[in-house]
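# Per-entry structural report
The residues making up each chain are set out below.
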Amino acid sequence: MSLIPDDVIEQVREAADIVGIIGEHVELKRTGSDFRAPCPFHGGTHRNFAVIPRKGMFYCFVCHAGGDVFTFFMKKLGMDYPTAVREVARRVGITIPERGPTGPDPREPLYSAVAAAADWFARQLLESPEAQVARDYLTTRHLDLETVQPLGLGYAPKGKAFLDAMKGLGVREEVLLEAGLLARREDGTLAPRFRGRLLFPIHDLRGRVVAFGGRILGEGEPKYLNSPDTPIFHKGKLLYNLHVAKHAMRKAERAILVEGYFDVLRPSLAGIEEVVAPLGTGLTPEQAQLVKRHAPLVILLYDSDEPGLRATFRAGDELLREGLRVSVATLPAGEDPDTLVQKKGAAGLEEILKDAVDVLERKIQILDRKGFFGTLPGRRRALDRLLPTIRAATDPITRELYISRAAEAAGVRKDVLEREAGMRDAGSGMRPGPTTHPASRISPPVLPASAEKALLLLMLEGEPWRARVIEAVDPEELEFPPYRAVFESVADDAVLALDDTSARAYEQLKAEGLGRRDPNEMYELAVNWMEARRLERQLEQLDDQLPFESPERQASLIAEKRRVFDELRKRYPRYKIAKRRRGAPGT
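Residues numbered from 1 in each chain as written. Predicted model: local features only at pLDDT ≥ 70, side-chain atom pairs only at ≥ 80, totals over all residues. Heavy atoms only, no water.

## Here we look at the overall build of the protein chain
A tally of helices and strands in the protein chain yields 25 helices and 16 strands. Taking the principal axes of its C-alpha atoms as reference, the protein chain extends roughly 85 × 55 × 50 Å. When the 587 residues of the protein chain are sorted by exposure, 48% land in the buried category. Pairs at least 24 apart in sequence give 63% of the contacts found in the protein chain among residues at least 6 apart. When the accessible area of the protein chain is evaluated, it comes to approximately 28,800 Å², of which 52% is carbon and sulfur surface. Between the mean site of the 87 positive side-chain charges and the mean site of the 87 negative ones, the protein chain shows a separation of 1 Å. (Helix = DSSP H or I, 4+ residues; strand = E, 2+ residues; numbered from the N terminus. Buried < 20%, exposed > 50% of the residue type's maximum accessible area, 1.4 Å probe, protein only. Contact = heavy atoms within 4.5 Å. Areas by Shrake-Rupley, 256 points an atom, 1.4 Å probe, with all protein chains shown as cover. Lys, Arg positive; Asp, Glu negative; His and termini not counted. Charge placed at Lys NZ, Arg CZ, Asp CG, Glu CD.)

Right, here's the structure in full:
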């Protein structure tokens, strides 16, 4: 049978009157914004069967049958998926163009296996005694079972119960392995991938469950575990909740991008449904393109701590490359979308969203708050941080506005900033390749051997060293400008935004590598040296303050200076000796 184009399926689904179609088979009565009836699948007499038109779905709270208008025909009339699509298309007057190849979809066994697993996991959450830990956890998040049932949340028990259940349903182990539901141990045996976790089903754009995200309950790592990439699931090409949110995104003409599963669920349950999230990774170009298909504006609603801000601006640049308008909403300290909506409801979240500012303006606010624009070196560093966002903007008007605003904030001429940003070659919106840096006559920088260099060499080795160095050192502490630029670009995954000098430093460091040096020893020595330099900077600051203070205040500062000096001498006795010998910052 010929395949039906995805965009046509979407067109049919959106044109279908799900209430009218299902109403031909059951007697629906309006209850608020939804419609209720006795379930046509398990033969109940109470109105436990709900049709939810704003989400284009139905759900039974007793037998847990659920899906969209196509699923209803499949369950009620025994149709396969293409036949159901054609039947709905006939009713709404849409002609379906055919395209090859013909024959059954070879991935169908994987879809069936994941669907069977999703149903089984959902039943465990409702019925299994072992799942009490998951039910209790949901209670702590102020979510009851009746609320989460239509969302398909489930529980993966420990042990072999999942394997036994799938075997009883006739699902072969090799299919479960290919679908990412089993994992192969080192000894070759197979075990369930998800054990002791609360599960969130991940859907494709057709609304089919293709993967899961699992949160550990109790001790254990990682906190969140996603299905691996499979023939039916690529985590960089889907967004959590997009199958539902896309309708609301088109209506609201905006998308709200958050970080986690609960950050999606809480606003959605409160009525703000245009919310999606990446799947445990930074936003990818493919995900940005998905958003662009459904909304012209994206509001980033990430945590306001340092990691959250880094993720915010990485996502913002990716979205700007797709020509989208991007704003940043700032949450109160210590809050996330889930907790904020719990406390203040949808109205409280809408107030935050209403105050969202453009992504470049948000960067400028943060840099201004940190005092970057108060000094000439600070302005240069501020521009280094603004340039990646300026370069990412492919919309010509947005790009022009960004250059004007950044020039105004940093006090530089617009034409100078335009040349620096390379804007005269950027109008095509093409992405630079992984090694493209403009040709330059600048000679390679001389890279001093130092603790700063050692830390960069470790960062360039990848994880876990990258994360350890980022956690241990603030980029402001790096005194050699090319090293600081490389540190920030690696931390922000923005190497392509480096200027000529810093890009050459990056390439030299990559080429040098660690060699035979012991990374653990390098890390310990370098971090100790950076800590000693922090103490030395404290001494310098105290020296700068002393001449301008009253005698009483001077006595206090001298005592503080003596304490810091003693700590430096005691903890790092060789620091001053080595510094005198080498003479370079951070050597």
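Picking up after the structure, the text goes on.
## A few points about helix α11 (residues 261-269)
The buried fraction of α11 is high, at eight of nine residues. Taken together, the buried positions of α11 are Tyr261, Phe262, Asp263, Val264, Leu265, Arg266, Pro267 and Ser268. The inward-facing, buried residues of α11 contact α6 (132-140), β9 (197-203), β10 (209-216), β11 (224-226), β13 (275-276) and α14 (337-354).

## Things to note about the sheet that holds strand β1 (residues 29-31)
Strand order in the open sheet made by the five strands is β1-β2-β3-β4-β5, with antiparallel pairing throughout. Every interior strand has two partners, whereas the edge strands, β1 and β5 (66-67), have only one. With three bridges joining them, β1 and strand β2 (residues 34-37) adopt antiparallel strand pairing. The partner of threonine 31 across the bridge, within β2, is aspartate 34. (Pairing = 2+ DSSP bridges.)

## Overview of the environment of proline 5
By secondary structure assignment, the location of proline 5 is in the segment before α1 (6-15). For the pair formed by proline 5 and isoleucine 96, sequence separation is 91 residues and the distance between their alpha carbons is 8.4 Å.

## With respect to the side chain of glutamine 287
Examined against the element boundaries, glutamine 287 turns out to sit in helix α12 (residues 285-292). Polar contacts involving the side chain of glutamine 287 include one to the main-chain amide nitrogen of threonine 284, which spans 3.0 Å. (Polar contact = N/O pair within 3.5 Å; in protein donor to acceptor, adjacent residues only side chain to side chain.)

## Things to note about the pattern of salt bridges
Taken as a whole, this structure holds 40 salt bridges when the rule is applied. The partner of arginine 385 in a salt bridge is glutamate 476, and the shortest N-O contact between them spans 2.7 Å. A residue pair is termed long-range when its members are at least 10 positions apart, and arginine 385 in helix α16 (residues 376-392) and glutamate 476 in the loop between α20 (465-472) and α21 (481-491) qualify at 91 residues. Take glutamate 476: its relative accessible area is 33%, and that puts it in the partly exposed class. A salt bridge links arginine 405 to glutamate 408, with the shortest nitrogen-to-oxygen separation between them at 3.5 Å. (Salt bridge = Lys/Arg side-chain N within 4 Å of Asp/Glu carboxyl O.)

## Concerning unusual backbone geometry
Negative phi is the rule for most residues except glycine; trans is the rule for most peptide bonds. Across the junction of glutamate 221 and proline 222, the peptide omega takes the value -10°, indicating a cis bond. Mapping proline 222 onto the fold places it in the loop between β10 and β11. For the peptide bond that leads from glutamate 463 to proline 464, omega is 0°, which places it in the cis range. Take proline 464: it is sitting in the loop between α19 (451-459) and α20. In the Ramachandran plot, histidine 142 falls in the positive-phi region, its phi being about 60° despite a non-glycine side chain.

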